[in-house]
Amino acid sequence: MSQEYQLFCLGNPLLDIQVNGTQALLDKYELKADDAILAEEKHLPIYEEVTKLSPRYVAGGAAQNSARGAQYILPPNSVVYAGCVGKDSYADQLVEACNKKAGVRTEYRIEESVATGKCAVIITGHSRSLVTDLGAANHYQLDHLKSEKIWNLVEQAKVYYVGGYHLTVCVPAILALAEHAAATNKIFSMNLSAPFLAQFFKDQMDSVAPYWDYLIGNESEALAYSESHNLGTTDITEIAKKIANLPKKNTARPRVVVITQGTDPTIVVTSGDEPTVKTFPVRVIDSSEITDTNGAGDAFAGGFIGGLVNGESIETSVDKGQWLASLSIKEFGPAFPEPKHTYTKA
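Residues numbered from 1 in each chain as written. Predicted model: local features only at pLDDT ≥ 70, side-chain atom pairs only at ≥ 80, totals over all residues. Heavy atoms only, no water.

> Would you mind showing me how to read helix H10 (residues 219-228) here?
Owing to its 3.6 residues per turn, the α-helix brings residues three or four apart onto one side. All buried positions along H10 are accounted for by Glu 221, Ala 222, Ala 224, Tyr 225, Ser 226 and Ser 228. Those residues of H10 hidden inside the fold are in contact with strand E10 (187-191), helix H8 (195-200), helix H9 (202-208), strand E11 (214-218), helix H11 (236-244) and strand E12 (256-261). In the segment just after H10, Asn 230 is the residue with positive phi, at about 55 degrees. (Buried < 20%, exposed > 50% of the residue type's maximum accessible area, 1.4 Å probe, protein only. Helix = DSSP H or I, 4+ residues; strand = E, 2+ residues; numbered from the N terminus. Contact = heavy atoms within 4.5 Å.)

This is how it looks when you write it as C-alpha cells:
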C-alpha cells in the first residue's frame, strides 16, 4: 500500500469571514455567542455587513480545518480532502490556503452555477457564532466520489474522516466511505460537529452511526444527541457510554467516543460489555495567550485523527489533538503557527 494520502476527508468547504463583533450584532440576527447555524433568509444580509468590519478570510469548513490540522502533524502528501465549491475567486482562495499553504490535496467538485460556500464568524471575546451559507458545498454528489480518480484515492487511504455537517449534504457519499471502511476493516471516523445536527438531522445521523469506529464531539453536541435520542441523561460520560455501545457494523473494531469539554478533561469511552472510560486533562494555557478559540475543536480532531493515521495509541492521539488545539487558539483561527512546530508530549 502506498504511504501517501493515508487520510481521506469529506466535508463542506467554506471560506470563513471572521470579524470581531458585538452583542448588538448577534442580537440583530438572533444569534447566540457560542453556536453554529445554517443561514436562513433573515441571516443573509450579515455577509454584506461583515465585509465592512475589517474581516479576515480563512479557509474553513470544519472537516477542512481538521484536514489541515492532520496534515500539519503528518508527513507531506498524507491528506486528501473532498467537497464541492463554485467556480469563483472564493474557491481560488480556498485552493491557495488549503492546497498550496497547508499541503492538503484538495479534490473539489466544481458546481459552476452556485457560489462557493461561506461562513460568517462573529467573535465576541473568546466566543464565536458561526452562520453558514453552504452555497456550492451543498452540491456535493456521489458520482464525484465514485469517479475513478477519486475512488482510487479512497481505496489508497486507510483512515476516513467525515465532518458531521456533511449529513446535511450527501449522506450517500458518507455511506459509500463508511461501507468501504467496514468491508476492508479500515478506520471510519466522524464528528458530531454541532448540536443542531443531532436535533434536526437525526435520521441522517442514525443511518451512518453503525459505521462509527471513532466519534468526536463536544459536551454541547453530546447533550443535544442525548436529548434527541431520549437517552435520559445529561451526564457526559454516560452519554458517551451509550453512544459507544450502539449497534456496530464492523465488529472487528471497538467503537471509541471522544468528547471534549473546553478546559475540562476530555472523556474517551471505548465500547464493550463494560465500556472503559478514560479522562485526559487539557493543556493549560494562560488566558493572556488565547487569541481565538474558533476552530479549537477542529484542531483537536485534526491532531487526534493524525495520531490514528500514524498508528498511535489513544492516549498519544488525544495528546496530539490537545497539543494542536493549544497551538490553534494562540492564532487567529482556525490556523496553525508557521514555521511548523514539532509535537512534544505533555
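> What am I meant to see in the nonpolar core here?
Among soluble globular proteins, nonpolar side chains are generally buried collectively. Of all hydrophobic cores here, the largest spans 62 residues; its most connected members are Phe 8, Tyr 140, Leu 145, Leu 177, Phe 188, Met 190 and Trp 212. Broken down by element, the residue count for this core peaks at seven residues, all from helix H7 (residues 171-184). Core analysis: the second largest hydrophobic core is formed by 42 residues, Ala 299, Ala 301, Ile 305 and Val 309 among them. (Core = buried A, V, L, I, M, F, W, Y, C linked by side-chain atoms within 4.5 Å.)

> I keep staring at the side chain of Thr 124 and nothing clicks. Help me out?
Relative to the elements of secondary structure, Thr 124 occurs in strand E7 (residues 117-124). Ignoring sequence-local partners within four residues, the contact set of Thr 124 consists of Gly 21, Thr 22, Gln 23, Leu 26 and Ala 33.

> Please clarify how the sheet that holds strand E13 (residues 264-270) should be interpreted in this entry.
Strand pairing in a sheet takes place through backbone hydrogen bonds and is either antiparallel or parallel in direction. Sheet architecture is open: nine strands sit in the order E6-E5-E1-E9-E10-E11-E12-E13-E14, paired in mixed fashion. Here the strands that pair on one side only, and so sit at the sheet edges, are strand E6 (105-110) and strand E14 (276-280). Mean inter-strand twist for the sheet, computed between neighbouring axes without regard to direction, equals 15 degrees. Pairing of strand E1 (residues 7-10) with strand E5 (residues 79-85) involves four bridges; the strand directions are parallel. In the sheet register, Leu 10 faces E5, and the bridge partner there is Ala 82. Together, E11, E12, E13 and E14 form the strand contacts of H11, whose direction differs from that of E13 by roughly 25 degrees. Contacts between helix H12 (residues 296-309) and the sheet are confined to E1, strand E9 (159-162), E10, E11, E12 and E13, with E11 contributing the most and set at about 160 degrees to the helix. (Pairing = 2+ DSSP bridges. Axes fitted to C-alpha atoms, helices over the stretch in contact; angles between N-to-C directions.)

> Which parts of the structure should I look at to understand unusual backbone geometry?
Most of the time, phi is negative for any residue but glycine, and the peptide bond is trans. The residue after Glu 338, namely Pro 339, is reached through a cis peptide bond having omega -5 degrees. With respect to the secondary-structure elements, Pro 339 resides in the segment after helix H13 (314-328). For Tyr 5, which is not glycine, the phi torsion reads 50 degrees and is therefore positive. The topology assignment puts Tyr 5 in the segment before E1. Even without being a glycine, Ser 193 presents a positive backbone phi close to 70 degrees. Take Ser 193: it is sitting in the loop between E10 and H8. The exposure class of Ser 193 is buried, given its relative accessible area of 11%.

> Any chance you could explain the side chain of Ser 226 here in plain terms?
Position of Ser 226 among the secondary structure elements: in helix H10. Look at Ser 226 and you get buried, because its relative accessible area is 3%.

> Whenever I open this one, H7 confuses me. Can you help?
Between its terminal C-alpha atoms H7 stretches 20 Å, which fits the 20 Å expected from 14 residues at 1.5 Å a residue. All of the buried residues along H7 are Val 171, Ala 173, Ile 174, Ala 176, Leu 177, Ala 178, His 180 and Ala 181. In this structure, the buried side of H7 is in contact with E1, helix H5 (142-145), helix H6 (148-156), E9, E10 and H9. Once H7 ends, the next one or two residues include Asn 185, with phi positive near 55 degrees. (Expected span 1.5 Å × (residues − 1).)

> So what exactly am I meant to see when it comes to the pairing of E6 here?
The two faces of the sheet receive side chains in turn, since in a regular strand these alternate between them. Pairing of E5 with E6, which is carried by six bridges, proceeds in the parallel orientation. The partner of Val 85 across the bridge, within E6, is Ile 110. In the classification by handedness, the crossover that spans E5, the intervening helix H4 (residues 89-101) and the parallel E6 is right-handed. (Right-handed = clockwise from strand over helix to strand, strands pointing away.)

> How should I be thinking about the pairing of E7 in this particular structure?
With respect to burial, E7 is a largely interior element, eight of its eight residues being buried. On E7, burial covers both faces: Gly 117, Cys 119, Val 121 and Ile 123 on one face and Lys 118, Ala 120, Ile 122 and Thr 124 on the other are all buried. Here seven bridges tie strand E2 (residues 14-20) to E7, and the two strands are oriented parallel to one another. Bridging across to E7, Asn 20 finds its partner in Ile 123. Of the pairings in the sheet, the one linking E7 to strand E8 (residues 127-133) comprises seven bridges and is antiparallel in character. For Cys 119, the partnering residue across the bridge sits in E8 and is Thr 132. Taking the residues that link successive antiparallel strands as the turn, the E7-E8 hairpin has two residues, and the phi of Gly 125 there is positive, at about 65 degrees.

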